Amino acid sequence: RGLGDVYKSQIVNGSLMKSSLYDPQIRHMVDKCALIISEPYIPRKGQGIHVDVMIDGAMRTLAVSKVSKYTKKELKAMGAI
């Protein structure tokens with residue numbers, strides 16, 4: 001079982017995950033909701049494993065290390081469960 005297979009089971013197309021991104025206006029890291037829109041892949045230049053996400057209506061390509069699952073406590077606080 002390769003490294004890509006592990007990420008394919010954890011990061012599923014259409015799932016809602018969170019990502020910490022730098023906001024230059026407030027000069028801090030901010031957690032944002034990220035909708036996964038592709039399966040994890042290795043880009044042509046071969047710099048790690050990436051995934052395409054939608055954040056604030058814009059598509060971005062992020063390394064899989066930059067996205068993480070929401071905890072049950074966070075989902076409950078958002079009213080998702």
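Refer to the structure presented above.
Residues numbered from 1 in each chain as written. Predicted model: local features only at pLDDT ≥ 70, side-chain atom pairs only at ≥ 80, totals over all residues. Heavy atoms only, no water.

(A) Structural view of the overall build of the protein chain. Looking only at helices and strands, the protein chain features two helices and five strands. Over its C-alpha atoms, taken along the principal directions, the protein chain stretches across nearly 35 × 30 × 20 Å. A burial count over the protein chain gives 23% of its 81 residues as buried. The contacts of the protein chain with a sequence gap of at least 6 include a subset with a gap of at least 24, amounting to 31%. Averaging the positions of the 13 positive and the 7 negative side-chain charges in the protein chain gives two centres separated by 4 Å. (Helix = DSSP H or I, 4+ residues; strand = E, 2+ residues; numbered from the N terminus. Buried < 20%, exposed > 50% of the residue type's maximum accessible area, 1.4 Å probe, protein only. Contact = heavy atoms within 4.5 Å. Lys, Arg positive; Asp, Glu negative; His and termini not counted. Charge placed at Lys NZ, Arg CZ, Asp CG, Glu CD.)

(B) Representation of the pairing of strand β2 (residues 28-36) in the model. As paired elements, strand β1 (residues 16-23) and β2 share eight bridges and run antiparallel to each other. Counterpart to Lys-18 in the pairing with β2 is Cys-33. Hairpin connection between β1 and β2: a loop of four residues separates the two successive antiparallel strands, and Arg-27 in this loop has a positive phi of roughly 60°. Here two bridges tie β2 to strand β3 (residues 50-55), and the two strands are oriented antiparallel to one another. Residue Ile-36 lies in a different strand from β3, and its bridge partner there is Val-53. (Pairing = 2+ DSSP bridges.)

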